[in-house]
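For reference, the chains in residue letters:
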Amino acid sequence: MSDEKVTQTQTETTQDQQQQDQTQQQDQQQDQQQTVDMKTYLELVAKMEKMEQMLENEAEKAQKMAEKEQELFQKQVQLTLKENGLEKFADIVKVSNEDELNDVVKKLTAIVNEIKIETGYIPADHKQMTAYEQAKKQGNTVAMIKALFGMRD
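Draft legend 1. View of the overall build of the protein chain. Along the protein chain, the regular secondary structure elements total 5 helices and 0 strands. Each helix and strand of the protein chain, placed in order from N terminus to C terminus, yields the pattern α-α-α-α-α. Split into buried and exposed, the 153 residues of the protein chain put 9% on the buried side. Taking as baseline every contact in the protein chain between residues at least 6 positions apart, the subset at least 24 positions apart corresponds to 21%. Looking at the protein chain as shown, the accessible area adds up to about 14400 Å², and 51% of this sits on carbon and sulfur atoms.

Draft legend 2. Quick peek at a nonpolar patch on the surface. A surface patch of nonpolar side chains, about 480 Å² in accessible area, is lined by Ile145, Leu148, Phe149 and Met151. Here Met151 is to be found in the segment after α5 (141–149).

Draft legend 3. Structural detail: the pattern of salt bridges. For the coordinates displayed, the defined rule picks out 2 salt bridges. Residue Glu58 is joined to Lys61 by a salt bridge in which the shortest nitrogen-to-oxygen separation is 4.0 Å. A residue pair is termed a helical-turn pair when its members lie 3 or 4 positions apart in one helix, as Glu58 and Lys61 do in helix α2 (residues 38–83) at 3 residues. For Glu58, a relative accessible area of 47% corresponds to the partly exposed category. The exposure class assigned to Lys61 is exposed, which follows from its relative accessible area of 55%. For Glu71, the salt bridge goes to Lys75, with nearest N and O atoms at 3.8 Å. On the criterion of helical spacing, the pair formed by Glu71 and Lys75 is a turn pair, its members being 4 residues apart in helix α2.

Draft legend 4. Structural view of the packing of helix α4 (residues 131–138) against α5. Two numbers describe how α4 lies on α5: the axes approach to 8 Å, and their chain directions differ by 170°. Taken together, the axis directions place α4 and α5 in an arrangement best described as roughly antiparallel. Crossing hand, α4 versus α5: left-handed. In contact with Ala131, Tyr132, Ala135 and Lys136 of α4, α5 contributes Ala143, Met144, Ala147 and Leu148. Taken together, the residues of the contact of α4 with α5 break down into 7 nonpolar, no polar and 1 charged.

Draft legend 5. Molecular detail of the confidence of the model for the protein chain. Residue-level pLDDT values for the protein chain average 83, and 83% of them are 70 or greater. Across the protein chain, α2 holds the top mean pLDDT of 92, while helix α1 (residues 2–34) sits lowest at 69.

Draft legend 6. Seen up close, the side chain of Thr80. Position of Thr80 among the secondary structure elements: in helix α2. Among the residues examined, Thr80 registers a relative accessible area of 15% and is labelled buried. In this structure Thr80 touches Leu101 and Val105, once residues within four positions along its chain are discounted.

Reading the values: the criteria
- Residues numbered from 1 in each chain as written.
- Predicted model: local features only at pLDDT ≥ 70, side-chain atom pairs only at ≥ 80, totals over all residues.
- Heavy atoms only, no water.
- Helix = DSSP H or I, 4+ residues; strand = E, 2+ residues; numbered from the N terminus.
- Buried < 20%, exposed > 50% of the residue type's maximum accessible area, 1.4 Å probe, protein only.
- Contact = heavy atoms within 4.5 Å.
- Areas by Shrake-Rupley, 256 points an atom, 1.4 Å probe, with all protein chains shown as cover.
- Patch = residues over 30% accessible without salt bridge, like charges linked within 9 Å, V, L, I, M, F, W, Y side chains within 5 Å.
- Salt bridge = Lys/Arg side-chain N within 4 Å of Asp/Glu carboxyl O.
- Axes fitted to C-alpha atoms, helices over the stretch in contact; angles between N-to-C directions.
- Parallel < 35°, antiparallel > 145°, perpendicular 65-115°, else oblique.
- Left-handed = near helix turned anticlockwise from the far one by under 90°.
- Nonpolar A, V, L, I, M, F, W, Y, C, P; charged D, E, K, R; others polar.
- pLDDT = per-residue confidence, 0-100.

Below, the structure is given as structure tokens:
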């Protein structure tokens, strides 16, 4: 029985040692996998910094481009309104694309035309007076007769 215990203890010890060896090997493999050459690491860090800088530059360029596009569109709005005689409405016209601009221009043009018609000069009893009517207004009967027969003074 003591031999059995010794053999069993030796077997357990051997198994424990094997497990420890395997654990150590796994730890060493993980360390090797995690360990990167310092030169490679520095190169990667430099590339990453360069990429971040390029990304910032591209973001700035995109922002400037968007500002230029907005400025150009506002000039287009101004020009379109001026072409249609609506430049007085430039301060109140707020559009974000060309379709909206065209709709607004059509509506404003229609409104302006309606206002022109409504406030336009409408003559009331303002027609050219004939020679007969002038003589009648003055009470000159002789001139009235001459006007009827087409005689001139």
